Amino acid sequence: QVQLVESGGGLVQPGGSLRLSCAASGIIVRIYAMRWYRQAPGKQRELVATITSGGSTNYADSVKGRFTISRDNAKNTVFLQMNNMKPDDTAVYYCNTNSRFSADTQYWGQGTQVTVSS
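Parameters and conventions
- Residues numbered from 1 in each chain as written.
- Predicted model: local features only at pLDDT ≥ 70, side-chain atom pairs only at ≥ 80, totals over all residues.
- Heavy atoms only, no water.
- Pairing = 2+ DSSP bridges.
- Helix = DSSP H or I, 4+ residues; strand = E, 2+ residues; numbered from the N terminus.
- Axes fitted to C-alpha atoms, helices over the stretch in contact; angles between N-to-C directions.
- Phe/Tyr/Trp six-rings, centres within 6.5 Å; stacked < 30°, edge-to-face > 60°.
- Lys NZ or Arg CZ within 6 Å of the ring centre and 35° of its normal.
- Disulfide = S-S within 2.5 Å.
- Buried < 20%, exposed > 50% of the residue type's maximum accessible area, 1.4 Å probe, protein only.
- Core = buried A, V, L, I, M, F, W, Y, C linked by side-chain atoms within 4.5 Å.
- Contact = heavy atoms within 4.5 Å.

**Quick notes on the sheet that holds strand 3 (residues 18-25)**
Then comes step 1: The four strands lie next to each other as 1-3-8-7, forming an open sheet whose pairing is antiparallel. Lying at the two open borders of the sheet, with one neighbouring strand each, are strand 1 (3-7) and strand 7 (67-72). Sheet twist, expressed as the mean angle between neighbouring strand axes with direction ignored, is 15 degrees.
Then comes step 2: Note that strand 1 and strand 3 share five bridges and pair antiparallel. Looking at strand 3, one finds that Val5 is bridged to Ala23.

Below is the structure:
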């Protein structure tokens, strides 16, 4: 059974920082591509960041230079470090991966709310 549990969301002022965590079970994050998505009210879900099994990363243009995705293999956890945050970063953030047998089988966490406001 695959389970992804996000944590670390909350309230932050513009220019501040948060670190989100995604604790995984049922998979080994070291050999899975892991992703962070976000969805703001009234907007489509957006892919924010990806880290592959080889360690390469990719980011949405809107967060490049501000966000960093990483993993801790010993903890089987993926992180999203968010710096210099903006109000437009306000969203529910979701951890995601897919089955190694089928890309159509997606696994999602329950999400963690991030609100950027002064």
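**Section: the packing of aromatic side chains**
Then comes step 1: Counting across every chain of the model gives two aromatic pairs.
Then comes step 2: A ring pair is formed by Tyr37 and Trp108, whose centres lie 5.0 Å apart and whose planes are at 55 degrees; its orientation type is tilted. In this pair, Tyr37 is assigned in strand 4 (residues 34-39) and Trp108 in strand 10 (residues 106-108), connecting sequence segments 71 residues apart.
Then comes step 3: Aromatic side chains Tyr94 and Trp108 sit 6.3 Å apart centroid to centroid with 85 degrees between the ring planes, which places their arrangement in the edge-to-face category. Of this pair, Tyr94 sits in strand 9 (residues 91-98) while Trp108 is found in strand 10, placing the two residues 14 residues apart along the sequence.
Then comes step 4: Among the aromatic residues, those joined into a ring-pair cluster are Tyr37, Tyr94 and Trp108.
Then comes step 5: Against the face of Tyr32 rests Arg100, its NZ or CZ located 5.9 Å from the ring centre.

**Re the state of the cysteines**
Then comes step 1: Overall, the coordinates contain one disulfide when judged by the stated rule.
Then comes step 2: Here Cys22 pairs with Cys95 through a disulfide, and the sulfurs are 2.0 Å apart. Between Cys22 and Cys95, the S-S torsion sits near -80 degrees, and that sign places the bridge as left-handed. Pair noted here: Cys22 is in strand 3 and Cys95 is in strand 9, with a separation of 73 residues, a long-range link. Just as Cys22 is buried, Cys95 falls in that class too.

**As for the nonpolar core**
Then comes step 1: In this structure, Met34, Trp36, Leu80, Met82 and Tyr93 are the most contacted members of the largest nonpolar core, which totals 29 residues.
Then comes step 2: At the level of elements, strand 3, strand 4, strand 5 (46-51), strand 7, strand 8 (77-82), strand 9 and strand 11 (112-116) are the ones that each hand at least two residues to this core.
Then comes step 3: Per-element tally for this core: the top contributor is strand 3, with four residues.
Then comes step 4: Excluding residues within four positions of it along the chain, Met34 makes contact with Leu4, Cys22, Ile27, Val29, Ala49, Thr50, Ile51, Ile69, Val78, Cys95, Asn96 and Thr97.

**Thoughts on the pairing of strand 7**
One face of the sheet, then the other: side chains in a regular strand alternate in exactly this way.
Then comes step 1: Two strands pair when backbone bridges link them, and strand 7 and strand 8 are joined in this way by six bridges, in the antiparallel orientation. From the neighbouring strand, Thr68 faces strand 8, where its bridge partner is Gln81.
Then comes step 2: The antiparallel pairing of strand 7 with strand 8 creates a hairpin that spans four residues between the two strands, and Asn76 there sits at a positive phi of about 55 degrees.

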